[in-house]
Structures are given as C-alpha cells and as structure tokens.
Amino acid sequence: MVTIETSIASKTIREKNMQKYFKVILNPRFCYLAPRNSIHTSMGAEISSSLRGKLRFIHPKFFYDKKGSELFEEICSLPEYYLTRSEMEILDSIGLELSQFLVQDYALIELGSGSAKKTRRLLEALIGRQETVEYYPIDISNVLKESSASLQRDYKNLKITGILDQYENGLDFIKSLEGKKLIAFLGSSLGNFNNKSAIRFLNKVHDVMRTGDLFLLGLDLIKDKRILESAYNDSQGVTGRFNLNLLTRINKELYGNFDLENFDHVAFYNSKHSRIEMHLRSKCEQEISISKINLSIILKKSETILTEYSYKYTIPQIEQIASKVGFKIEKIWYDKNKFFSLVLFSV
Ligand code: AVJ
C-alpha cells in the first residue's frame, strides 16, 4: 500500500514537472528537456536588479552562452588552470575504488555536465557492471546537446535524458526518479556559492537522495596564493576574455552599450573569505545603458562589477559542511599535488 501511494505521489510530481518542459526526442536512447520559459526570460530581470544595486554584480551562470562555453573549455586546458587536470587525474585513478561503492545499478545524475569529458570516467565505472546506464545531465548550456550526442554514440548501453536548466530545477525533476542515484557535481562548481547558499544547495541535494544513493563532489583546495591567482589570470588572457564575454552577451541579448575596451578583467584571491573573486573594473567614468531592461547607470572610474566567487576549501571545512547537511563522508580522494579533492557522500 505504501509503495503504491509513493509511486502515485512521484508520478504527480513528474507530471507537474513535465509541464515546465518540452521534450525533444532525438532517438530512442537520447532525449532532452528544455524549459518552456528558458533562462533568457529571466536573464533581463535578474541582471536589471543585480546591476542597479549598490554592489553591482552579474550572476556567473550567465557566462555560459555559446561563446562563453567555448572559452570555458579553453580555460580547462590552460597550463595555469590546474583544476580540471587535477580532478581528471583523480578520476583516472579511482575507477576500481569507486566501483566498490556501486553495489547495485545506479543512474548517473550530473550537475553542470558541460562538455562531459570527466563524465566518461564515471560512466566507465558503471557501464561494465550494468546492463544499461541511465544518465541525466543537468546543464544550463546548450553544450549539453552536443556532449550527450557524443556520449551516446560512444556508449551503446547508455540512455540519456538531458535537462537544459539550472541545477535547482534539475534537482526538482530528479526527485521523482526511482532506483539508486549517483549524483555528481564536479569541477568545484560549488565554489560559486557562498557558504550559506552552498549549505542550502547541498540540503537540496540531500533532499533528493535516499538510502544507498551517493553524491560525488569535486572541490578545489586552498593552496599557495600564487598558484590560485595565476589559474584565474592566465598568460594567454583566456579568462579575461571569458569574463568580458558577459558584457558582449548582454550587448547582444539585452541591447546593451558596454564598450569592452573600457573594462579590465580583475581576479584575485581573498584569503579572509578563501575565495577567488572575479570582477570587471571600469577604466573610466562611463554611462551604461541596456535598452531591453530600461537600465541606465553611471559607473565610476575603478568601480567594479562582481562576476564570480570561486571558493576554495580545506578538509576540516568540508567535514563541517558534511555534518551540517547530514552527509556521511564515505571517501575523500586527492591528486598527487593535493590541489583538488573528490568527496563521496552518502545519506
Ligand atoms: C566552473 C565555477 C568551477 O570557478 O574555477 C574558471 C569557473 N571562472 N575560470 C571556477 C571559472 C574562471 C570555474 N567553475
């Protein structure tokens, strides 16, 4: 009786969720869900209020238009950007150890799947052991379509349902899934959240997990300031172009008049808060207007627009976060340099 009731309940949740999305079926093993009200609907309103405030900022989720996603891929292979390489090194070395935790069939859910290069390592841990693997990538960027297409070409027993949405909405959708879940959130993307919202977000992840489910979280660790800062100030200037592309995107999509020549890319480590901060700094006093949202503001010389926080962690901090959220730490893996950590949680 109880099981019937819960399955009816989850069906209703699923149906409710489906009204939010339209489903694009590309083949029997690959479909994706796109929100009827896409991010573009809310972008104007969000940016309007975040630029009008006293502390001006633009949310980092807006980095990932087509150009921004390409630039981010370029960042990931920069010599200074150790994050991707360190995490890949860990993923390359833990296959067998990870398999030991995967005692049943798992669906893989990935928050911020992006190009899905690291996903392959996780899929390989699952694919050998399971007849089929269901994969649910959740990403705000259209890159999801291409990366999923390439995964399903390479892995025959893979069934992909992509969700082209923000993490939180994707998690709402995931809630209704039956069966065991392995949720992955790699790349230290949690670092975009300040402490309070990180806890709130992880509580949401905890909420969708049931006994036996696992959560794999990639986190960047505190290290020498010079190493941290050069990862966000690369010598080829790619990170600067990535940062400035936000303004290009606003010019294009919201009819803004940002002159990129009038801004500097600024990134530094704030050790008090153990985070990298990225800003766009106005080189002169200038008037900015964004006609689609009726915005007109004066930026003073040296005034900055905050575009990203990227928090760095210590192991005691990670343990503290886990206990606040109610996660049990099953295992922590590191790369050889101890630059990066992969943490496996259960509930
Ligand atoms: C995707 C948020 C993990 O903070 O390192 C890279 C984004 N910004 N270079 C990070 C980013 C500038 C990245 N995260």
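Here's a quick rundown of the structure. No experiment lies behind these values; they were computed from the predicted model shown. (Residues numbered from 1 in each chain as written. Predicted model: local features only at pLDDT ≥ 70, side-chain atom pairs only at ≥ 80, totals over all residues.)

Our next topic: the pairing of strand β7 (residues 214-220). Counting buried positions over the seven residues of β7 gives seven, a clear majority of the element. Neither face of β7 is open: one carries Leu214, Leu216, Gly218 and Asp220, the other Phe215, Leu217 and Leu219, and all of them are buried. A crossover links strand β6 (residues 180-185) with its parallel partner β7, the connecting element being helix α9 (residues 195-208), and its sense is right-handed. (Buried ≥ 20, exposed ≤ 12 C-beta atoms within 10 Å, placed from the backbone. Helix = DSSP H or I, 4+ residues; strand = E, 2+ residues; numbered from the N terminus. Right-handed = clockwise from strand over helix to strand, strands pointing away.)

Here we come to helix α6 (residues 119-127). Listing the buried residues of α6 in full gives Thr119, Leu122, Leu123, Ala125 and Leu126. In an axial view of α6, the angular spread of the buried residues amounts to 155 degrees, which keeps them on one side of the axis. At its buried positions, α6 is contacted by α5 (95-99), β3 (106-111), β4 (133-138), α7 (143-154), β5 (158-163) and β6. (Arc of directions from axis to C-beta. Contact = placed C-beta atoms within 7 Å.)

Here we take up the site of the ligand. Around the ligand, a shell composed of Ile75, Leu83, Gly187, Ser188, Ser189, Gly191, Asn192, Tyr232, Thr239, Phe242, Glu308 and Ser310 is seen. Among the elements of the structure, α11 (238-254) and β12 (304-311) are those that each provide at least two residues to the shell around the ligand. Grouping the constituent residues of the shell around the ligand by class yields four nonpolar, seven polar and one charged. (Near = placed C-beta within 6 Å. Nonpolar A, V, L, I, M, F, W, Y, C, P; charged D, E, K, R; others polar.)

Quick look at the sheet that holds β4 now. Taken in spatial order, the nine strands of this open sheet run β1-β2-β5-β4-β3-β6-β7-β14-β13, and their pairing is mixed. In this open sheet, the two strands that pair with only one neighbour each are β1 (21-27) and β13 (328-334). If you compare each strand with its neighbour and ignore which way they point, the axes differ by 20 degrees on average. Relative to β6, β3 runs parallel, the two being bridged by five bridges. The partner of Tyr106 across the bridge, within β6, is Lys180. Helix-sheet contacts for α7 involve β2 (30-35), β4 and β5, and the interaxial angle to β5 is about 175 degrees. This element, helix α12 (residues 315-325), spans β7, β13 and β14 (340-346) of the sheet and lies at about 155 degrees to β13. (Pairing = 2+ DSSP bridges. Axes fitted to C-alpha atoms, helices over the stretch in contact; angles between N-to-C directions.)

The next subject is the sheet that holds strand β8 (residues 263-270). Hydrogen bonding along the main chain pairs the strands of a sheet, whether they run parallel or antiparallel. Spatially, β8-β9-β12 is the arrangement adopted by the three strands of the open sheet, whose pairing is antiparallel. Only two strands of the sheet have a single partner each, and these edge strands are β8 and β12. Each adjacent strand pair in this sheet contributes to an overall mean axis angle of 20 degrees, direction not counted. The pairing of β8 with strand β9 (residues 275-282) spans eight bridges and is classified as antiparallel.

The next subject is the packing of helix α8 (residues 167-174) against α9. It is at 9 Å that the axes of α8 and α9 come closest, and there the two elements cross at 15 degrees. Overall, the two elements α8 and α9 adopt an arrangement that is roughly parallel. α9 is crossed by α8, and the crossing has left-handed handedness. On the side of α8, the interface is formed by Glu168, Leu171 and Ile174, while α9 contributes Lys204, Val205 and Val208. Among the residues forming the contact of α8 with α9, the class breakdown is four nonpolar, no polar and two charged. (Parallel < 35°, antiparallel > 145°, perpendicular 65-115°, else oblique. Left-handed = near helix turned anticlockwise from the far one by under 90°.)

This part covers the environment of Phe101. Here Phe101 shows up in the loop between α5 and β3. In this structure, the C-alpha to C-alpha distance between Phe101 and Glu330, residues 229 residues apart in sequence, is 8.9 Å. Look past the residues within four positions of Phe101 in its chain and what remains in contact with it is Leu214, Glu330 and Leu344.

If you look at soluble globular proteins, the nonpolar side chains tend to sit buried side by side. Counting residues in each nonpolar core, the largest one holds 67 residues, and the members touching the most others are Leu108, Ala184, Phe215, Leu216 and Leu217. Excluding anything up to four places from it in sequence, Ala184 contacts Leu108, Glu110, Leu122 and Leu216. (Core = buried A, V, L, I, M, F, W, Y, C linked by C-beta atoms within 7 Å.)

This brings us to unusual backbone geometry. Despite not being glycine, Asn294 has its phi angle at roughly 50 degrees, a positive value. Among the secondary structure elements, Asn294 is positioned in the loop between β10 (286-290) and β11 (295-299). Despite not being glycine, Ser302 shows a phi value in the positive range, around 75 degrees. Looking at the secondary structure, you find Ser302 in the loop between β11 and β12.

Before going further, it helps to spend a moment on the pairing of β4. For β4, a buried count of five out of six residues is recorded, marking the element as mostly surrounded by other parts of the structure. Pairing of β3 with β4, which is carried by four bridges, proceeds in the parallel orientation. The partner of Glu110 across the bridge, within β4, is Pro137. For the handedness criterion, the β-α-β arrangement of β3, α6 and β4 is classed as right-handed.

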